[in-house]
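Residue-level structure breakdown
So the chains spell out like this:
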Amino acid sequence: MRILLIEDDKTISGFIEKGLREAGFAVDACYNGTDGLSMGLEGTHDAAVVDIMLPEMDGLQVIEGLRKHGVNIPVLILSARQSVDDRIQGLQRGGDDYMIKPFSFSELLVRIQVLIRRDKKNAQPTMLAAGELEMDLLRHEVTRAGEKIELPAKEYALLELMMRNSGAVISKTTILERVYDYNFDPQTNVVDVLVCRLRNKVDKDFDKKMIQTVRGMGYVLRAD
């Protein structure tokens, strides 16, 4: 899941970004409304966290711009404005939820998860399956042939990416962008190490090896 974070206070932005990444999200952070709207119009995010008081273009204008162009991702407004009228205006102009600063990160995280779950409820399944491998997206649980597999956040994110694209070859560059959300040198071995760790957990105790290397191209999850 990828979150768009538009917050001009870099201390607050860094705090939110760190917490979201630790929770397994990819995050695109920007610090003014113009850049935020431009990034949001790319249509690659599952939700957005938007401050109201932004340079160049305020948060409500950003939200209106997204809605005008058909970007209907859930938006959580984050603001120091506390009046009922401010909250009503934020929701009327396209926001889906409203949190007042200062805030608890744990509550922010839960609200984001709820917004995404509501948005995806009718659009995407809550379970992924590839052969005998199953992933419960709501509980963040993975099983193979009924046996539970414990995965930390990065391994879980990689497996989710592979299961959503079962049978398709996924390049190292794609994994770096989608799982790590950083612009690593494509020659780095960080992906190889991550795939090796995941393979040891998914395939080690089974005769059929589902995670396969396609030399010179990347990796593929084969269910058949």
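Here we summarise the structure given alongside this text. (Residues numbered from 1 in each chain as written. Predicted model: local features only at pLDDT ≥ 70, side-chain atom pairs only at ≥ 80, totals over all residues. Heavy atoms only, no water.)

Turning to the overall build of the protein chain, a few remarks are in order. Looking only at helices and strands, one finds 8 helices and 11 strands in the protein chain. Computed over the C-alpha atoms, the radius of gyration of the protein chain is 19 Å, within 12% of the 17 Å expected from 2.2 N^0.38 for a compact globule of 224 residues. Across its three principal directions, the C-alpha atoms of the protein chain cover 60 × 35 × 30 Å. Here the protein chain, with 224 residues, has 44% of them falling under the buried criterion. Here the protein chain has roughly 11,800 Å² of accessible surface; of this, 48% comes from carbon and sulfur atoms. If the 30 positive side-chain charges of the protein chain are averaged to one point and the 35 negative ones to another, these points end up 3 Å apart. (Helix = DSSP H or I, 4+ residues; strand = E, 2+ residues; numbered from the N terminus. Rg over C-alpha atoms; globule rule 2.2 N^0.38 Å. Buried < 20%, exposed > 50% of the residue type's maximum accessible area, 1.4 Å probe, protein only. Areas by Shrake-Rupley, 256 points an atom, 1.4 Å probe, with all protein chains shown as cover. Lys, Arg positive; Asp, Glu negative; His and termini not counted. Charge placed at Lys NZ, Arg CZ, Asp CG, Glu CD.)

Moving on, we get to the nonpolar core. Ranked by size, the top nonpolar core spans 29 residues in total, and within it Leu133 and Leu159 carry the most contacts. Counting residues in hydrophobic clusters, the runner-up holds 18 residues, among them Ile3, Phe25, Leu78 and Met99. (Core = buried A, V, L, I, M, F, W, Y, C linked by side-chain atoms within 4.5 Å.)

Within the open sheet, the 5 strands sit side by side as β2-β1-β3-β4-β5. Their pairing is parallel. If you trace the sheet from one side to the other, it starts and ends with β2 (26–30) and β5 (97–100), each paired once. Strand after strand, the sheet turns through a mean of 20° between neighbouring axes, direction not considered. Of the pairings in the sheet, the one linking strand β3 (residues 47–51) to strand β4 (residues 75–79) comprises 4 bridges and is parallel in character. Within β4, the position partnered with Asp51 by the bridge is Leu78. Its contacts with the sheet put helix α3 (residues 59–68) on β1 (2–6), β3 and β4, and the angle it makes with β4 is roughly 170°. (Pairing = 2+ DSSP bridges. Axes fitted to C-alpha atoms, helices over the stretch in contact; angles between N-to-C directions. Contact = heavy atoms within 4.5 Å.)

Let us now look at the packing of aromatic side chains. Following the criterion strictly, the structure yields 2 aromatic pairs and no others. With centroids separated by 6.3 Å and ring planes inclined at 50°, the aromatic side chains of Phe15 and Phe103 adopt a geometry described as tilted. One end of the pair, Phe15, is in helix α1 (residues 10–22); the other, Phe103, is in the loop between β5 and α5 (105–120), and 88 residues separate them in sequence. Classification of Phe103 by relative accessible area gives buried; the value is 18%. Between Phe15 and Phe105, the aromatic rings sit 5.9 Å apart at their centres with planes inclined by 75°, giving edge-to-face as the arrangement. (Phe/Tyr/Trp six-rings, centres within 6.5 Å; stacked < 30°, edge-to-face > 60°.)

Right, let's talk about the sheet that holds strand β9 (residues 147–149) for a bit. Ordered in space as β6-β7-β8-β9, the 4 strands form an open sheet in which the pairing is antiparallel. Each edge of the sheet is formed by a strand with only one pairing partner; in this case those strands are β6 (127–130) and β9. Here the average twist between neighbouring strands, direction ignored, is 25°. In the sheet, β6 pairs with strand β7 (residues 133–136) via 4 bridges, with the strands oriented antiparallel.

Over its 13 residues, helix α8 (residues 190–202) extends 18 Å from the first C-alpha to the last, a length consistent with the 18 Å expected when each residue adds 1.5 Å. Considered for burial, the residues of α8 that qualify are Val190, Val191, Leu194, Val195, Leu198 and Val202. Down the axis of α8, the buried side of the element spans an arc of 125°, and every buried residue falls inside it. (Expected span 1.5 Å × (residues − 1). Arc of directions from axis to C-beta.)

Bridge analysis of strand β10 (residues 211–214) against strand β11 (residues 218–221) gives 4 bridges, and the strand direction is antiparallel. When the bridges of β11 are listed, Val214 appears paired with Gly218. From the end of β10 to the start of β11, which pair antiparallel, there are 3 residues, and Gly216 there has a positive phi angle of about 80°.

With that settled, consider the pattern of salt bridges. With the rule as written, the count across this model stands at 18 salt bridges. We note a salt bridge from Arg197 to Glu155, for which the minimum N-O separation is 3.0 Å. Remark: Glu155 occurs in helix α6 (residues 153–164) and Arg197 occurs in helix α8; sequence separation between them is 42 residues. By relative accessible area, which is 37% here, Arg197 ends up partly exposed. The shortest N-O distance in the salt bridge between Glu160 and Arg164 comes to 3.0 Å. With Glu160 and Arg164 both in helix α6 and 4 residues apart, the pair spans about one turn of that helix. With relative accessibility at 13%, the residue Glu160 sits in the buried group. On the basis of relative accessibility, which here comes to 35%, the residue Arg164 falls in the partly exposed class. Each of Glu7, Asp51 and Lys101 takes part in salt bridges that share partners, so that together they form one network. (Salt bridge = Lys/Arg side-chain N within 4 Å of Asp/Glu carboxyl O.)

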